[in-house]
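One letter stands for each residue in the lines below.
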Amino acid sequence: QVHLVESGGGLVQAGDSLSLSCAASGSPFNIYGWFRQAPGKERVFVAAINWSGDRTSYADSVKGRFTISRDVAKDTVYLQMTGLKPEDTAVYYCAASRYPRVITSTRAYDGWGQGTQVTVSS
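Residues numbered from 1 in each chain as written. Predicted model: local features only at pLDDT ≥ 70, side-chain atom pairs only at ≥ 80, totals over all residues. Heavy atoms only, no water.

Q: How should the overall build of the protein chain be read in this particular structure?
A: When helices and strands are tallied, the protein chain shows 0 helices and 11 strands. Secondary structure elements of the protein chain, listed N to C terminal, follow the sequence β-β-β-β-β-β-β-β-β-β-β. Radius of gyration (C-alpha) of the protein chain: 13 Å, near the 14 Å computed for a compact globule of 122 residues. Principal-axis analysis of the C-alpha atoms gives the protein chain an extent of 40 × 30 × 25 Å. The proportion of buried residues among the 122 residues of the protein chain is 42%. If you take every contact in the protein chain between residues at least 6 apart in sequence, the share linking residues at least 24 apart comes to 58%. Accessible surface, the protein chain as shown: approximately 6200 Å² in total, 48% of it carbon and sulfur. Each charge class in the protein chain can be summarised by its mean position, and for the 12 positive and 10 negative side chains these summaries are 4 Å apart. (Helix = DSSP H or I, 4+ residues; strand = E, 2+ residues; numbered from the N terminus. Rg over C-alpha atoms; globule rule 2.2 N^0.38 Å. Buried < 20%, exposed > 50% of the residue type's maximum accessible area, 1.4 Å probe, protein only. Contact = heavy atoms within 4.5 Å. Areas by Shrake-Rupley, 256 points an atom, 1.4 Å probe, with all protein chains shown as cover. Lys, Arg positive; Asp, Glu negative; His and termini not counted. Charge placed at Lys NZ, Arg CZ, Asp CG, Glu CD.)

Q: What's the story with the packing of aromatic side chains in this structure? I'm lost.
A: What describes a pair of aromatic rings is the distance from one ring centre to the other and the angle between the planes of the rings. Under the defined criterion, the tally for this structure stands at 4 aromatic pairs. Here F35 and Y109 contribute two aromatic rings whose centre-to-centre distance is 4.9 Å and whose plane-to-plane angle is 80°, an arrangement assigned as edge-to-face. Note that F35 is positioned in strand β4 (residues 31–37) and Y109 in the loop between β9 (90–97) and β10 (111–112), a separation of 74 residues in sequence. Residue F35 shares its accessibility class with Y109, and that shared class is buried. Clustering of aromatic rings is evident, with ring pairs tying together F35, F45, Y109 and W112. Sitting over the ring of Y93, R43 keeps its end group 3.6 Å from the ring centre. (Phe/Tyr/Trp six-rings, centres within 6.5 Å; stacked < 30°, edge-to-face > 60°. Lys NZ or Arg CZ within 6 Å of the ring centre and 35° of its normal.)

Q: Would you mind going over the nonpolar core with me for this structure?
A: In a soluble, globular protein the nonpolar side chains are often hidden away together inside. Ranked by internal contacts, the top residues of the largest apolar core, which has 36 residues, are W34, L79, M81 and Y92. When contributions to this core are tallied by element, the ones reaching two or more residues are β1 (2–7), β3 (18–26), β4, β5 (44–50), β7 (66–71), β8 (76–81), β9 and β11 (116–121). (Core = buried A, V, L, I, M, F, W, Y, C linked by side-chain atoms within 4.5 Å.)

Q: Sorry if this is basic, but what is going on with the sheet that holds β7 here?
A: Across a sheet, paired strands are connected by hydrogen bonds in the backbone, their directions being either parallel or antiparallel. Here 4 strands make up an open sheet; going across it, the order is β1-β3-β8-β7 and the pairing antiparallel. Each having just a single partner strand, β1 and β7 make up the two edges of the open sheet. Across this sheet, the average inter-strand angle for adjacent strands is 15°, counted without regard to direction. In this structure, β7 lies alongside β8, joined through 6 bridges in antiparallel fashion. Among the inter-strand pairings, F66 is bridged to a residue of β8, identified as M81. (Pairing = 2+ DSSP bridges. Axes fitted to C-alpha atoms, helices over the stretch in contact; angles between N-to-C directions.)

Q: What should I look at first to understand the state of the cysteines in this one?
A: Covalent bonding between the sulfur atoms of two cysteines defines a disulfide. Within the structure shown, the criterion is met by 1 disulfide. Put simply, C22 and C94 are joined by a disulfide, and their sulfur atoms are 2.0 Å apart. As the torsion about the S-S bond is roughly -80°, the C22-C94 disulfide counts as left-handed. Here C22, found in strand β3, pairs with C94, found in strand β9; they are 72 residues apart in sequence, far enough to count as distant. (Disulfide = S-S within 2.5 Å.)

Put into structure tokens, the structure is as follows:
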């Protein structure tokens, strides 16, 4: 069982930066990911990182703008977002998976946080 708590969301303007945090407690998982869900749309993959932090994956829409990282000592996963666009507006969810390698499918993730709202105004 894992407990995930996201923080750091908010309202920003296009071009701004924002950093999200996800504090994890409970059994350690292999993979931690960030997903987002815009109103009326499905939840989609944003980024993922393995336990050691040496493997990452990004959605094409955020490559070069978002960076996922992990502080093992604090058991916290971060998502640094730069160059934010209005289309990045969504609820952002942290998730944990026991899958042996970085994976982008929502179905591979066992635990989910409650989500944090990110709104980017134009």
